[in-house]
Every structure is written in C-alpha cells, then in structure tokens.
Amino acid sequence: MRFQAEHRFAGPVEAVVALLADPAFHRSLQLPDVELLSLDDRDGHLRCRYRFVGSLDPIARRLLAGRDLTWQQDLRVDPSGTGSLSFRADADPRKLHGSASFAIEPKDGGSRRRLDGQLVVAVPLIGGRAERSIVPGLLRRLDIEAEVLDARLRAA
C-alpha cells in the first residue's frame, strides 16, 4: 500500500538533517506502541530495531504464532536533504517490509519534508487488510517524530 506524508519544520534543511541523523534524537523519541531495542549509527546510516508493544488484532497474533513483532528500520540521510527509510520484519522480511524516500527542502523560512513510500504485507487474502490497518499507525509515528523534531528546532 502506498503512503505519503508531508511535514513542516521551523528550521532550515541543514538543522532538520542534523537532527534526523542524530542517534540521540532517535533514542529520545517516545513513540506510541513501539519500543526501541537497539540503534546502530554508521556514517549517516541509522539502523534501529523496534518491538511493537501495542495491541495486535487476532489475525496478526495468529500470523506471528506467539512471537513478538520486531523489525529493523534503516534510515539514510544525505546532507543535501534527501534520504530513504526501509523496514522489514525480523520474523519473515518477505512477508512484511516497506520503504520510503524523502526530500527535505526550504519552505517559507523553514523547511518541508515530503515522504513517499510503500508498505507490503505479502500474505494472501489478508495482506491488503493488514496494510490498511498498519499504515495509519506508521503515519502517526512519522507525525510524532516530526512534531518532536520541530519542537526541538523551535527551542534551539
């Protein structure tokens, strides 16, 4: 399922890029239903491992067969303001994965991030329903990340 998001920030592109690439920023984020398990930083490439701690619908619980829902998320941010985000489930990355590209550009004295991505739940018969269930939470977490980032820029 395709998804898009747009976020505006009070600071310039360089400040947004610096915060997005900062491991301390990601460690400090309090995202709903998600726990950060680990974070690795290598030259502008952040690899985070998360666990979903919220409520799962019965179908998702059956598919997980009692395992936790954990995933890897890779974030790459270029100093120019472009970047990518990819994620894949630990248990079976072929069945649950996604990616997005984004661009941060100057806008009205601040900056704007435009993100375009796709989430795939490759499970016959229920994949589309699962995607429609997951994407709103994914977008909400991106919105929260943007709100915290913007608040930090305004406070600086």
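What you see is a predicted model; the values in this text were computed from it and never measured. (Residues numbered from 1 in each chain as written. Predicted model: local features only at pLDDT ≥ 70, side-chain atom pairs only at ≥ 80, totals over all residues. Heavy atoms only, no water.)

Help me get a handle on the nonpolar core, residues and values and all.
Of all hydrophobic cores here, the largest spans 36 residues; its most connected members are Phe3 and Leu149. Among the elements that take part in this core, helix H4 (residues 127–155) stands out by supplying 7 residues, more than any other. When residues no more than four places from it in sequence are discounted, the contact partners of phenylalanine 3 are Ser99, Ala100, Leu115, Asp116, Gly117, Gln118, Leu119, Val135, Leu138, Leu139 and Leu142. Judged by nonpolar contacts, the second largest core, of 5 residues, contains Ile59, Val121, Val123 and Ala130. (Core = buried A, V, L, I, M, F, W, Y, C linked by side-chain atoms within 4.5 Å. Buried < 20%, exposed > 50% of the residue type's maximum accessible area, 1.4 Å probe, protein only. Helix = DSSP H or I, 4+ residues; strand = E, 2+ residues; numbered from the N terminus. Contact = heavy atoms within 4.5 Å.)

So what's going on with the pairing of strand E7 (residues 110–121)? Which residues, and what values?
Direction of pairing for strand E1 (residues 2–9) relative to E7: antiparallel, over a ladder of 8 bridges. Its bridge partner being in E7, phenylalanine 9 is matched across the sheet by serine 111. As paired strands, strand E6 (residues 96–107) and E7 are joined by 12 bridges and run antiparallel to one another. By the bridge assignment for E7, leucine 96 is matched with valine 121. Hairpin geometry of E6 and E7 is characterised by an intervening segment of 2 residues between the two adjacent antiparallel strands and by a positive phi of about 50 degrees at aspartate 108. (Pairing = 2+ DSSP bridges.)

Go over the pattern of salt bridges, please, and point to the residues and values.
Pairs can form between side chains of opposite charge whenever their charged atoms are close. On inspection of all chains with the given rule, the structure shows 18 salt bridges. Residue glutamate 6 pairs with arginine 114 through a salt bridge whose shortest N-O separation is 3.5 Å. Of the two residues, glutamate 6 sits in strand E1 while arginine 114 sits in strand E7, which places them 108 residues apart along the sequence. For glutamate 6, a relative accessible area of 40% gives the class partly exposed. The class for arginine 114 is partly exposed, based on a relative accessible area of 42%. A salt bridge links arginine 94 to aspartate 92, with the nearest nitrogen and oxygen atoms 3.5 Å apart. Classification of aspartate 92 as buried rests on a relative accessible area of 18%. Here the salt bridges share partners, and the residues they tie into one network are Glu6, Arg8, Glu105, Asp108, Arg112 and Arg114. (Salt bridge = Lys/Arg side-chain N within 4 Å of Asp/Glu carboxyl O.)

Any details on the sheet that holds E6? Residues and values, ideally.
Consider a sheet: its strands pair through backbone hydrogen bonds, and that pairing is either parallel or antiparallel. Reading across the sheet, the 7 strands line up as E1-E7-E6-E5-E4-E3-E2 and stay open at both edges, with antiparallel pairing between neighbours. Edge positions in the open sheet fall to E1 and strand E2 (34–42), since each of these has one partner strand only. With strand direction ignored, the average angle separating the axes of adjacent strands in the sheet is 15 degrees. Contacts from H4 reach E1, E2, strand E5 (82–89), E6 and E7, with the element oriented near 10 degrees to E1. (Axes fitted to C-alpha atoms, helices over the stretch in contact; angles between N-to-C directions.)

Which residues make up the layout of surface pockets, and what values go with them?
Of the voids in this model, the largest pocket is the one considered here, and its volume is about 1100 Å³. Taken together, 48 residues form the lining of the largest pocket, with Leu69, Trp71, Leu96, Ile134 and Arg141 sitting closest to its centre. Among the secondary structure elements, those contributing two or more residues to the lining of the largest pocket are strand E3 (45–52), helix H3 (58–64), strand E4 (70–77), E5, E6, E7 and H4. Among the residues forming the lining of the largest pocket, the class breakdown is 30 nonpolar, 6 polar and 12 charged. (1 Å grid on protein atoms, 1.4 Å probe; cavity = no way out; pocket = protein on both sides within 12 Å on 5 of 7 lines; lining within 4 Å. Points joined across faces, edges and corners; volume = space filled by probe spheres on them. Nonpolar A, V, L, I, M, F, W, Y, C, P; charged D, E, K, R; others polar.)

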